[in-house]
Amino acid sequence: MSSRELVVLSVGGVRFVTRASTLQQFPESRLARMVNDDDREFKLVNGEFFVDRDGALFGYIMDFLRTLQVSLPIDFSDYQRLQREAEYYGLYPLADLLSQEHLLKPRLEMLEVRFSLQEMQAFFRIFGSCSTTIEALAEQITVFTGQQSGQGWNSPFSSQKQLVPLPLERPSHHDLVFLCGTEYSAGDQVVARYVSIKPDNRKLINGTNVLGLLLDSLLKDGFRLISTRTVTSEEKVECYTFERMKRAAGLAIVVNQTAGSSGVGQARRSQVQKGK
């Protein structure tokens, strides 16, 4: 059979259509032998290979053969069953990856936003259990500053073209600090700090407005607000705690397809984008 031809499989009553070359990713697997007519257990009935196995789990196996990556839903729990299916088909590199269940399971991520108002300024501190999330937020949040005379909290600059970006404070890999609002400097000059949070293009100076935009951005990013509290009543520091289930980093296979290669791959961890 040519590697360009299509193959139709009926697995547990679920129909799959794929290229022969996809099933031949691992030449020593039973699926590759099936395509080459070397495995008599898989019967060809009316042009379709009949496989008496779990069709739903086979969908994950097909996804692996197409991408060479293990990408499972957050609520997936049948790791051992899927590992047995991989072993049945002779896909031992996949079975080895699935045995690393602790690397595949999603993890609970926590994030805390602390907010306080002091005179004409608002202070923010964001702490997260996952440093990559803090890095992503640092790329989304930009603080702009400018200086002008005779300005107040509710009187923004007549032209925001005068504003220049400021770097965010990063006390550690797990937190970031910034502020917005106005303060008087020498010579009755007013220093104003605006905050912009992508993808919103507005530059906001009012701390309450910035807080609302920040919380809304976190909710859209899959976080769930689980508690609000006042940390210190004197300074009126408000604390907002969020959580979300974060997908694990992807596990991928590196396959050697050189001449004489058995097609057995090596497992390695790789950072794979999973979406929100």
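Residues numbered from 1 in each chain as written. Predicted model: local features only at pLDDT ≥ 70, side-chain atom pairs only at ≥ 80, totals over all residues. Heavy atoms only, no water.

### Things to note about the nonpolar core
It is characteristic of soluble globular proteins that their nonpolar side chains tend to be buried jointly.
Thought 1: In terms of nonpolar packing, the biggest core is built from 34 residues, with L9, L23, F58, L65, Y89 and L91 touching the most fellow members.
Thought 2: Sorting elements by how many residues they give to this core places helix α3 (residues 55-67) first, with 6 residues.
Thought 3: In this structure L91 touches F26, S29, L31, I61, L65 and A86, once residues within four positions along its chain are discounted.
Thought 4: Of all hydrophobic cores here, the second largest spans 26 residues; its members include V113, V210, L211 and L215. (Core = buried A, V, L, I, M, F, W, Y, C linked by side-chain atoms within 4.5 Å. Buried < 20%, exposed > 50% of the residue type's maximum accessible area, 1.4 Å probe, protein only. Helix = DSSP H or I, 4+ residues; strand = E, 2+ residues; numbered from the N terminus. Contact = heavy atoms within 4.5 Å.)

### Quick notes on helix α4 (residues 79-88)
Thought 1: Those residues of α4 that fall on the buried side of the exposure criterion are Y79, L82, E85, A86 and Y88.
Thought 2: As for α4, its buried residues are in contact with α2 (30-35), α3, α5 (92-98) and α6 (101-104).
Thought 3: Following α4 by one or two positions, G90 adopts a phi angle in the positive range, close to 75°.

### Some details on helix α8 (residues 207-220)
Thought 1: When the terminal C-alpha atoms of α8 are compared, their 20 Å separation across 14 residues agrees well with the 20 Å that a helix rising 1.5 Å per residue should span.
Thought 2: Regarding α8, the residues found buried are G207, V210, L211, L213, L214, L215, S217 and L218.
Thought 3: Where α8 begins, one side-chain oxygen reaches toward the backbone nitrogen of T208, 3.0 Å away; that side chain belongs to N206.
Thought 4: Phi turns positive one or two residues past the end of α8, at G222, with a value near 100°. (Expected span 1.5 Å × (residues − 1). Polar contact = N/O pair within 3.5 Å; in protein donor to acceptor, adjacent residues only side chain to side chain.)

### Notes on the pairing of strand β7 (residues 121-128)
Thought 1: Looking at chain direction, strand β6 (residues 107-118) and β7 are connected through 8 bridges and run antiparallel. Each residue of the ladder has a partner; that of F115, found in β7, is F124.
Thought 2: Following β6, the chain reverses through 2 residues before pairing antiparallel with β7; E119 in that reversal takes a positive phi of roughly 55°. (Pairing = 2+ DSSP bridges.)

### A look at the pairing of strand β11 (residues 175-185)
Each regular strand carries side chains that alternate between the two faces of the sheet.
Thought 1: Most of β11 is tucked away, with 8 of its 11 residues classed as buried.
Thought 2: Alignment of strand β10 (residues 169-172) against β11, held across 2 bridges, turns out to be antiparallel. Note on β11: the bridge partner recorded for S172 is D175.
Thought 3: Joining the antiparallel neighbours β10 and β11 is a turn of 2 residues.

### Focus on the sheet that holds strand β1 (residues 6-11)
Thought 1: The strand order β2-β1-β4-β3 describes an open sheet built from 4 strands, whose pairing is mixed. Of all strands in the sheet, those with a lone pairing partner are β2 (14-19) and β3 (43-45), marking the two edges. Each strand of the sheet is rotated relative to its neighbour by a mean of 35°, with strand direction disregarded.
Thought 2: Examined bridge by bridge, β1 and β2 share 6 bridges and lie antiparallel to one another. (Axes fitted to C-alpha atoms, helices over the stretch in contact; angles between N-to-C directions.)

### Some details on the packing of α3 against α4
Thought 1: Direction vectors running N to C along α3 and α4 enclose 70°, while the axes themselves pass 10 Å from each other. One element, α3, and the other, α4, form an angle in the roughly perpendicular class. Here α3 runs over α4; the crossing is right-handed. In contact with L57, Y60 and I61 of α3, α4 contributes R81, L82, E85 and A86.
Thought 2: Residues of the contact of α3 with α4, tallied by class, amount to 5 nonpolar, no polar and 2 charged. (Parallel < 35°, antiparallel > 145°, perpendicular 65-115°, else oblique. Left-handed = near helix turned anticlockwise from the far one by under 90°. Nonpolar A, V, L, I, M, F, W, Y, C, P; charged D, E, K, R; others polar.)

### Some words on the packing of aromatic side chains
Thought 1: Using the criterion set out here, one finds 10 aromatic pairs in the structure.
Thought 2: On the basis of an interplanar angle of 75° and a centroid distance of 5.0 Å, the ring pair of F16 and F58 is categorised as edge-to-face. Here F58 lies in helix α3 and F16 lies in strand β2, a separation of 42 residues in the sequence. No difference in accessibility class separates F16 from F58, as the two residues are buried.
Thought 3: Its guanidinium or amino end placed over the ring of Y88, R53 lies 3.8 Å from that ring's centre, counting from NZ or CZ.
Thought 4: The ring of F144 is capped by K203, whose NZ or CZ atom sits 4.7 Å from the centre of that ring. (Phe/Tyr/Trp six-rings, centres within 6.5 Å; stacked < 30°, edge-to-face > 60°. Lys NZ or Arg CZ within 6 Å of the ring centre and 35° of its normal.)

### As for the confidence of the model for the protein
Thought 1: Across the protein, the average pLDDT comes to 83, with 81% of residues at or above 70.
Thought 2: Overall, residues 257-276 carries pLDDT values under 50, and its contacts beyond four positions in sequence, including any with other chains, amount to 43 contacts. (pLDDT = per-residue confidence, 0-100.)

### Some details on the side chain of T133
Thought 1: Mapped onto the secondary structure, T133 falls in helix α7 (residues 131-140).
Thought 2: Exposure remark for T133: the relative accessible area of 6% places this residue in the buried category.
Thought 3: Those residues within four positions of T133 in sequence are excluded, and the remaining contacts are E109, L111, F223, R244 and K246.

### Points about the pattern of salt bridges
Thought 1: For the structure on display, the rule yields 17 salt bridges.
Thought 2: R30 is the salt-bridge partner of D39, the closest N and O atoms lying 2.8 Å from each other. Just as D39 is buried, R30 falls in that class too.
Thought 3: Of the charged contacts in the structure, one is a salt bridge between R244 and D221, with a shortest N-O distance of 3.3 Å. Taken together, the positions of R244 in strand β14 (residues 238-246) and D221 in the loop between α8 and β13 (224-230) put the pair 23 residues apart, joining distant regions of the chain.
Thought 4: For R244, a relative accessible area of 13% translates into the label buried.
Thought 5: Take D221: its relative accessible area is 18%, and that puts it in the buried class.
Thought 6: Residues joined in a network through salt bridges with shared partners are R30, R33, D39 and E41. (Salt bridge = Lys/Arg side-chain N within 4 Å of Asp/Glu carboxyl O.)

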